[in-house]
Amino acid sequence: DGCLCWFDLRTKDVLLTIEAANKPISSICFKSGNEDHVYISAGNEILSFDIRMGSQSKPLETYNYNRDEINQIAVSSKGYLAAADDSGDVKIVNTTQKCLYKRLREAHTSICSSVQFIPWRPWTAITGGLDSKLAVWDFSKGRTLFSIDYGSPELQNSSSSGSTGQCLNPAFVHSVAVSEEGILGGLYKVCAVARGDGAVDVVDLEYELAPAKSKGPSRARGSTMSSKTTDLGDGSNNQCQRRRIHLDYSMGGHTAAVSCVAFSAFGEKGKLLVSGGNDASLKVWDWSKGFSPETSSNSELVLDIDVKKKV
């Protein structure tokens, strides 16, 4: 309805409502280090508000660089704003100078559904799309560093075994979450991918971003991740190097498309991964066990919540 609403989660009361736009709001994010300053996307437009101004708040900034409807926005610690849209493009805005900084294009051939910055690499962003592709960018140069095509025959064949609950659906990338820097003692720098075929993948970003020569003789420079099937984890302990783990129906995962993923902010930060799907369930995963070289344990589902409605 174009409104921004703030809720007190203790009482479920609405504390503040701002009539922000005359179009549906597709995404919200806070300015890094200042949660009084919020950005929203509505249609192909981005607006920002200072919530301290209350319900009469007017837009502080407006950006109209995207040509199609925006699906997600994200803000980096350096003040760059990314907006992923239906054309497959991502626009990077310099909010300090209030101008378009870069246009990221040609990685996605369909809707770009998700965008995030990588906090420990300040000039790097990650995007996912409905072309089943995940791409990591050096946005200062406007070029991709690597990409995964989840729709490729190699990855579909290697991940479909035991996953009959969802293998007929395309592996669209609906959502991407990036872990915070320093989680679990700084051992892991990963991203999680919510897929349309019901699977959740966790990818070791630092391994994929490392120079090809450091990955062993089988790593040819310029190869894409779609050919790296030897490192595709399935949550089991049958691989000496697990650089990706695959959480699917065979492990108690989703039976329909996964729409969103997030690393836990409760308990030991980042230890758990929460996923929600069109099967009306929330799954909580202890994902790090699948990466640890010091244990033979598998990644495991630790909580399954039926929420009665599609997530």
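Refer to the preceding data block for the structure.
Because the structure is a prediction, the values reported are computed rather than measured.

## With respect to the sheet that holds strand β17 (residues 200–204)
And then number 1: Strand order in the open sheet formed by 4 strands is β15-β16-β17-β18, and the pairing between neighbours is antiparallel. Whereas interior strands pair on both sides, the edge strands pair on one side only; in this sheet they are β15 (173–178) and β18 (244–247). Taken over all neighbouring pairs, the strand axes of this sheet differ in orientation by 15° on average, direction set aside.
And then number 2: Inspection of the sheet shows β15 paired to strand β16 (residues 190–195) by 5 bridges, in the antiparallel sense. Looking at the pairing, Val-178 lines up with Cys-191 of β16.

## Remarks on the pairing of strand β8 (residues 80–85)
And then number 1: In terms of burial, β8 is a largely internal element, 6 of the 6 residues being buried.
And then number 2: Burial of β8 is two-sided: the residues Tyr-80, Ala-82 and Ala-84 facing one way and the residues Leu-81, Ala-83 and Asp-85 facing the other way are all buried.
And then number 3: As paired strands, strand β7 (residues 70–75) and β8 are joined by 5 bridges and run antiparallel to one another. Note that in β8 the partner of Ile-73 across the bridge is Ala-83.
And then number 4: The antiparallel hairpin formed by β7 and β8 contains 4 residues in its connecting segment, where Gly-79 sits at a positive phi of about 90°.
And then number 5: Pairing between β8 and strand β9 (residues 90–94): 5 bridges, direction antiparallel.

## Considerations on the sheet that holds strand β5 (residues 45–50)
And then number 1: Spatial strand order, β3-β4-β5-β6: 4 strands in an open sheet with antiparallel pairing. The open sheet has two edge strands, β3 (25–31) and β6 (61–63), and neither has a second partner. Geometrically, the sheet is characterised by an average inter-axis angle of 20° between neighbouring strands, direction not taken into account.
And then number 2: Bridging between β3 and strand β4 (residues 34–42) involves 6 bridges; their strand directions are antiparallel. If you follow Lys-31 over to β4, its bridge partner there is Asn-34.

## Examining the environment of Arg-143
And then number 1: Summarising the element assignment, Arg-143 is placed in strand β14 (residues 143–149).
And then number 2: In this structure Arg-143 comes out as partly exposed when scored by relative accessible area, which is 40%.

## Structural notes on the pairing of strand β13 (residues 133–138)
And then number 1: In terms of residue burial, β13 counts as a mostly covered element, since 5 of its 6 residues are buried.
And then number 2: Hairpin connection of strand β12 (residues 124–129) to β13: 3 residues between the antiparallel strands, including Ser-132 at a positive phi of 70°.
And then number 3: As paired strands, β13 and β14 are joined by 6 bridges and run antiparallel to one another. Within β14, the residue paired with Asp-138 across the bridge is Arg-143.
And then number 4: The turn linking β13 back onto β14 is made up of 4 residues, and Gly-142 within it adopts a positive phi angle of 70°.

Criteria and cut-off values
Residues numbered from 1 in each chain as written. Predicted model: local features only at pLDDT ≥ 70, side-chain atom pairs only at ≥ 80, totals over all residues. Heavy atoms only, no water. Pairing = 2+ DSSP bridges. Helix = DSSP H or I, 4+ residues; strand = E, 2+ residues; numbered from the N terminus. Axes fitted to C-alpha atoms, helices over the stretch in contact; angles between N-to-C directions. Buried < 20%, exposed > 50% of the residue type's maximum accessible area, 1.4 Å probe, protein only.

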